[in-house]
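What follows is each chain in one-letter form.
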Amino acid sequence: MRILVVGGGGREHVLCWKLSQSPQVGTVYCIPGNSGIESLDKCTCINSDGDDIDFLLDFAIKEAIDFTVVGPEAPLVKGIVDSFRSKGLLILGPEKEASLLEGSKVWAKEFMREFKIPTASFEVFDNYEKACDYIERRNCPLVIKADGLAAGKGVFVTDGPGEAKEAVNQIMKEKVFGAAGSQIIIEERLSGEEASILAITDGERFWTMPSAQDHKAAYEGDTGPNTGGMGAYSPAPVMDADKIRFTEENVFVPLLEGMKKRGLVYRGIIYAGLMITEEGPQVLEFNVRFGDPEAQVIIPRFDGDITTVLKSAAGGALSGEWNWSDFAAVCVVMASGGYPGSYEKGKEIKGLSEAGALPDTFVFHAGTAN
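Residues numbered from 1 in each chain as written. Predicted model: local features only at pLDDT ≥ 70, side-chain atom pairs only at ≥ 80, totals over all residues. Heavy atoms only, no water.

Engineer: Teacher, can you tell me more about the pattern of salt bridges here?
Structural biologist: Two side chains bearing opposite charge may form a pair once their charged atoms approach each other closely. Summed over the entire model, instances satisfying the criterion amount to 16 salt bridges. Its salt-bridge partner being Arg85, residue Glu95 comes within 3.6 Å of it at the nearest N-O pair. Linking Glu95 in the loop between strand 5 (91-92) and helix 6 (100-103) with Arg85 in helix 5 (residues 80-86), this pair joins segments that are ten residues apart in sequence. Overall, Glu95 belongs to the partly exposed group, its relative accessible area being 24%. On the basis of relative accessibility, which here comes to 21%, the residue Arg85 falls in the partly exposed class. As a salt-bridge pair, Asp202 and Arg205 come within 3.8 Å of each other at their nearest N and O atoms. According to the relative accessible area criterion, Asp202 is buried, its value standing at 5%. You can call Arg205 partly exposed: its relative accessible area is 41%. When salt bridges with common partners are traced through the structure, they connect Glu73, Glu102 and Arg289 into a single cluster. (Salt bridge = Lys/Arg side-chain N within 4 Å of Asp/Glu carboxyl O. Helix = DSSP H or I, 4+ residues; strand = E, 2+ residues; numbered from the N terminus. Buried < 20%, exposed > 50% of the residue type's maximum accessible area, 1.4 Å probe, protein only.)

Below you can see the structure in the form of C-alpha cells.
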C-alpha cells in the first residue's frame, strides 16, 4: 500500500512512524515532511507546499496513492477532502463545510448551541466598539477568540475588562491574525481543569481514544502567551470513566447527529478540547484532526495496526482492532527562543541520537531540516 501523509510537524512524524510499522504499507510519502520523517524506514519526504491542494491531488494521482491522511487543519478547511473524493481517492478527514467545526469558531459555537452540546455562553461581534461596550457591561473574566484559524494562538484568556479590550484591539484593530479576526467570540470564562478527548469516526459510528492534556502557555507555571502546545501527557487523570462516558453521550453523539441533519460528511478525527467544570465537561473548542502535541502521546499508546482503522474510517466502515496499552506517555516540546512570536531559525540541534536511544523514548521532529 502507498500512503500519503500531508504535513510536516510532530503530529505527522508520529503518524508516519506508526503507519510505516504496518505490514500492509510499502511506502509512506509525506509532504512536506521533515528530517525526522525522512530518516524513517519506508518514508520519503517531498519538499513542497502542504497546503497546495492541486499539487497534492496531482501527486496522489501520479503516484497511485492508495490512501491519504491529512495532519493539519488548513488543507481540510480549504477542501482537500472534497477535491480528492471528486477523483475517487480515499482520504481521511471531514469535507470542507464540516471542517468549519475548526475553521470557524463562530460556526462551531452556533453548531453547539443548535445541537445542545455543552459549552460556555457566548456572543459574536464584528464591530470593535460594540465588543468593547459588551466587555464593560459584563465586567468579569472573559475569553476572547478570533473566529478563523490562528495556528492555535487566537485565544485570549483574560482576567478583567482591560485585558479583554486589549485582546479585542489586537485581533480587530492590529489584525495580528489577519482575516481570521474579522469576527470574534466573547465567551464566559469557565473554571476547572482542561483535558482533550479524541475519537475516530466513519460518519456513523465512533471509537474513543485515551484522554490527554496539553499545555499551551509558553512559560513555566502556565504563564506567558498561548502557543500551539508546549507538551502533553496521556492519560489525563481528570478524565475518569464517567466523564468520558458523558463526553461520548453529550458531545460526540449529538455532533455526528448534527452533521447528518445538515447533510455533511464527517469521516476522520474528532478532537474535543474540554474544560472539566463542577457541572461536568464543557467544550472549549473542536478540532477536526489529531492535536499536536497530543498525537505524540496518544498514537504511541495504540497497540495494533493503525492503518486498518484509519483507512476503514475513511471508507465509511470503521473496522480493525481498537486496543491501547496501559502505559502513560508524556511529550515535552523543545522550541527556539521567542516562540510563539519571532524566533531564531537554522540552529543546530544536538543529542537527538542519544535521546532516541533511551528506553521507551522517541524524538519526533517538527519543522526540522538537515
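Continuing now.
Engineer: Quick question: what am I supposed to make of the packing of helix 8 (residues 128-138) against helix 9 (residues 161-173) here?
Structural biologist: Put simply, helix 8 and helix 9 touch, their axes get as near as 10 Å, and they point 165° apart. Considering the angle they form, helix 8 stands roughly antiparallel to helix 9. At the point where helix 8 passes helix 9, the crossing takes the right-handed sense. Counting all contacts with helix 8, which are made through Tyr128, Glu129, Ala131, Cys132, Ile135 and Glu136, the residues of helix 9 involved are Pro161, Ala164, Lys165, Val168, Asn169, Met172 and Lys173. (Axes fitted to C-alpha atoms, helices over the stretch in contact; angles between N-to-C directions. Parallel < 35°, antiparallel > 145°, perpendicular 65-115°, else oblique. Left-handed = near helix turned anticlockwise from the far one by under 90°. Contact = heavy atoms within 4.5 Å.)

By themselves these figures say nothing about function.
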